Amino acid sequence: MQLNTLVAHEIIDLLKAGKTSAKDVYDSVIDQIKNNEKQIHAYASIFNNTEIEADASTPIPIAIKDNICITDKETTCSSKILEGFKPPYDATVIKKLRDSGSIFVGHANMDEFAFGSSTETSHYGPTRNPWNTDCVVGGSSGGSTAAVAADEAIWALGSDTGGSIRQPASFCGVVGLKPTYGRVSRYGLIAFASSLDQIGPITKNVTDSAMLLNIIAGHDENDSTSTKLPVPDYTKSLTGDVKGLKIGIPKEYFIEGLDDEVKAAVLESIEILKKRGAIFKEISLPHTEYAVATYYIVATAEASSNLARFDGVQYGLRCIPTKKRKTSIIDLYEETRNVGFGKEAKRRIMLGTYSLSSGYYDDYYLRGLKVRTLIKNDFDRAFKEFDAIITPTSPTTAFKIGERLENPISMYLSDVFTISANLSGIPAISVPCGFSKNNLPIGLQVMAKPFDEEMLFRISHTFEQNTDWHKRRAIK
Amino acid sequence: MISKENVKQVASLSRIHLKDEEIEFLAKDLEKILDYIKKLEKLDISSVEPTSHALPTKDVFREDVVKPSLSQKDALKITQNKEKGSFKVPKIIE
Amino acid sequence: MKEFETVIGLEVHLQLSTKTKIFCGCKNDFGYDPNTLTCPVCLGLPGSLPVFNKKVLTYGIKAGLALNCTISSTIKFDRKNYYYPDLPKAYQISQFDMPIAKDGYIMITKEDGNDKKIRIHRAHLEEDAGKLTHDTESSSSLVDYNRTGTPLLEIVTEPDMSSPQEAYDYLQALKLNLQYLDVSDCDMEKGSLRCDANISIREKGETKLGTKAELKNMNSFKAIKTALEYEVKRQQEVVESGSAVIQETRLWDENKNVTISMRSKEEAHDYRYFPEPDLVPFTVSKDTIDDIKKTLPELPAQKLERLSKEYDLSDYNAKIIVSDKSLALFFEECAKLYKDTKKICNWINGSILSELNNRKETISNLNLSSKNLVDLIKKVDGGILSNLIAKDVLGIMLDTGKNATSVVEEKGLAQVSDDSELEKIVDELIKENENVANQIKEGKESAIGFLVGQAMKKTKGKANPKKIGEIIKRTLS
């Protein structure tokens, strides 16, 4: 039995029964990393865990996205500009994981500052898809999803700003959840777009997803935007029962550009849930086509400000122009930021700065915020009638490495189905729902109203119980 | 629509020193993206309120209670450029 | 020759004296080693998030009410984006379009004695930046982030002041009000009150505003006044020479007593304000405002009115008392102990104030309880001490912290009022000054004063002058 291929709840059962030890589990993960990391490159950095606590409640090896702060561990957002930055504090989710006895395997690779949908923009180089190493893993939490898919971690944390958990989960055949905005503390998550970012679990199945959310969710006095609503025991919603649930299928998500195989897999999934008693109806989310444009205004505007602090003054990279005789502080800023940021980061910072700058604010940023309202209203209306909405997670399966890197809009469009959930703050999950004929995973997205993660678990768990896509392993 | 001068100005606001070839491709990229974003102009938003926060949370405070600060040593651990308990930067001439 | 008038508007940055910073639990204090009052939040470390200190809102509302402002029913924070090494996030959390308070005013008294309303345009909350030090020897500047995140209230006036003196008076009035509120110690030396000034001139009768200069770097109210006076003159000279004033920032050079243009260092600002996504909006209900109103202390204007009435003080005297919160407090403590409040007032505005000046002290730091002062005054009124000696006794009391009784005893300063002893002195004096004695006998009463003076001299001030006078009269009639 290969321990690292098990899911967390199975491992915990074995530990409780005394049939394995936390150290054996960790060692099996490290072995897997030794054998596969060269091809996959899931990690930005791997930690040295010498002491494994024997009697912790959940001593599960976990991969942490490289934008979540861990005390004294290099946390770089996979960017050159944060080279060597070791935070003097733990993110709230890290504290919670520590309390549960988690073992941090390493910081998972990601698109630089989560700017991307393929994990190709990482300063450390791309992560490769465990199902086909010529393909991207998706992004930006591609290192986290790859680590889980390749059994190089039992589960992982990612962050999702416009689909950064769900889209790579879909590309890697794993379960990725973006909780409701405010469900999980963002304290210690290096911000991309503060009004959209959420940390969420990346797991091999839905049960693990519910378990990991149980650990990380909850109010945090250090995050003004975290909710005070109590955290239910999410494993209680794994009932296998969807009878009578009303689920909407938005027609705007079944459009040109949607891959036939993806479409077929999603429609088949709907049939499975119908058989379990769910009621489906076509609905309309009329502003869907504006989501990507809105997102690229709102997200980049916030990012341009969030990333302003990376200026070489306090931490990380500091560059000084070589030609100048005397360095001014502005030289230091401009050189550090030119050398430290990659192409996509510059593109987004520039775009965000532009849309906030005087003379353009109303036409871009303010307009973006207003269209965001329209998109949010679409969902508010839908959830008055429906318990959930089901869509494909991404229009395609994993594309080839390098294929979209030079065409930002085609890259941005791979998030076309996931972005709306961030703009409206609602929770959404991606679960494996099939494979293409090229053996690449396909993801099914379920969305629910704010703070109804239980609904997502209920539906996706029922679906999972009646399929075995999630049981396939990428690395034999 | 977006000139190289525009790009330079935005780069200066963003405090990024761009090389000439970067200015060129960024002008093209931004042009394409802004052109795509233009589709929003089709919508009538005259009576729509902006949404700056995902959810309507309000009134989250902390009490005025002192919490421990980092030690000077821990605060300065993040930098290599320090002197006399302070962060060091090139001289600012006022 | 053209006649000009001056237009001045002021921007005051006021540090609020809450226990902790505006967005984190670090101590809000002054005088610590560099970078010892910081945490991930105020250092602006990646991943950290602000949480708003409720006390700052209360203090902001208090100040807004004291400045007769309308308090906004919803407030929110915005990011003001700019790069400077003392600003660790490269944006300042501030308030852009929904400030906590607006449309207020403060009254000042003009030189002609009339009151003038100085309107407050708005007051908003924001976080302070860190502190940069520039060692002349070194090629580096050093940054201390202890001050980062100190709560600030920025108070912006309308361009309502028409002379440097009015600007000075506005600042005095503002400071007094805020000190009464106890929301800030308003100490320019410590930097807890900082002020920039916008100043322009225009020809008399002109309604359009002239081009303004923004003055910075003034370290005291007096410096603000002097800088403005300099700037009025400079701008007049520019206009009279046929040139135009340019819009610019000018720094006050305290040593040379001039303002210096810093336009070469400036570039166009584009702060790209947008709503701070890490903080939620805050509602300020009418109930909240009413509750805070109830906690407002008596403000200077109200106190002035009450003290004048209640204690029958002259406007002049009452104003002096009210111009210092602790002095007013001290006065009222004394007034509770002794009914002759006019006398108390005279003592405070006279001897006490001059002692304060000489000692460069504040009343709260002075070695004097209200009871001790009242006892001293009672001794004078009871004829035990002369006014003159009482002043010396006060000095000794302040030096030693002792009360009047023990000082008088130890130093043997009690007034001599014993008849037989005084008669002896008068006899001696009459012998020594026969001429004067004769004049008195002949009815020249004004000469009595001379003999009384001599008696005081002889007794080193201890003789009771009233009694001496009576005895002289009695003996020589």
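Residues numbered from 1 in each chain as written. Chains lettered and ligands numbered in written order. Predicted model: local features only at pLDDT ≥ 70, side-chain atom pairs only at ≥ 80, totals over all residues. Heavy atoms only, no water.

K.L.:
For this particular structure, what's the right way to read the state of the cysteines?
P.N.:
Residue and element names in this part refer to chain C. Throughout the structure, instances matching the rule amount to zero disulfides over all chains. Sulfur of C26: no disulfide; nearest cysteine sulfur belongs to C39 and is 3.7 Å away. The closest cysteine sulfur to the non-disulfide-bonded C42 is located on C24, 3.8 Å from its own sulfur. (Disulfide = S-S within 2.5 Å.)

K.L.:
Is there a simple way to explain the interface of chain A and chain B in this structure?
P.N.:
Accessible area lost upon the coming together of the parts is a frequently used measure of interface size. Counting from both sides, the interface comprises 61 residues of chain A and, opposite them, 51 residues of chain B. Summed over both sides, the interface between chain A and chain B buries roughly 5,300 Å², with carbon and sulfur atoms accounting for 69% of that surface. Counting the contacts that link chain A with chain B gives six salt bridges. Mapped by element, the contributors of at least two residues to the side of chain A that touches chain B are helix 8 (291-306), helix 9 (329-340), helix 10 (343-356), helix 11 (362-385) and helix 12 (408-412) of chain A. At ten residues, helix 11 of chain A tops the list of elements feeding residues into the side of chain A that touches chain B. A per-class count over the side of chain A that touches chain B returns 30 nonpolar, 16 polar and 15 charged. (Contact = heavy atoms within 4.5 Å. Buried area = accessible area lost by both parts, 1.4 Å probe. Salt bridge = Lys/Arg side-chain N within 4 Å of Asp/Glu carboxyl O. Helix = DSSP H or I, 4+ residues; strand = E, 2+ residues; numbered from the N terminus. Nonpolar A, V, L, I, M, F, W, Y, C, P; charged D, E, K, R; others polar.)

K.L.:
Is there a simple way to think about the sheet that holds strand 2 (residues 82-83) of chain B in this case?
P.N.:
Sheets are built from strands paired through backbone hydrogen bonds, the pairs being either parallel or antiparallel. Spatially, 2(B)-3(B)-10(C)-9(C) is the arrangement adopted by the four strands of the open sheet, whose pairing is antiparallel. At either end of the open sheet lies a strand with only one pairing partner, and these are strand 2 of chain B together with strand 9 (131-134) of chain C. Alignment of strand 3 (residues 86-90) of chain B against strand 10 (residues 140-144) of chain C, held across four bridges, turns out to be antiparallel. The residue of strand 10 of chain C that forms the bridge with K88 of chain B is L142 of chain C. (Pairing = 2+ DSSP bridges.)

K.L.:
Sorry if this is basic, but what is going on with the interface of chain A and chain C here?
P.N.:
Contact residues are listed per partner, giving 39 residues for chain A and 31 residues for chain C. Both sides together, the interface formed by chain A and chain C hides about 2,700 Å², and carbon and sulfur atoms give 57% of it. The interface formed by chain A and chain C holds one salt bridge in total. On inspection of chain A and its partner chain C, the count reaches 16 residue pairs in polar contact (both at pLDDT 80 or more). Among the secondary structure elements, those contributing two or more residues to the side of chain A that touches chain C are helix 8, helix 9 and helix 10 of chain A. For the side of chain A that touches chain C, the per-class residue count stands at 20 nonpolar, twelve polar and seven charged. (Polar contact = N/O pair within 3.5 Å; in protein donor to acceptor, adjacent residues only side chain to side chain.)

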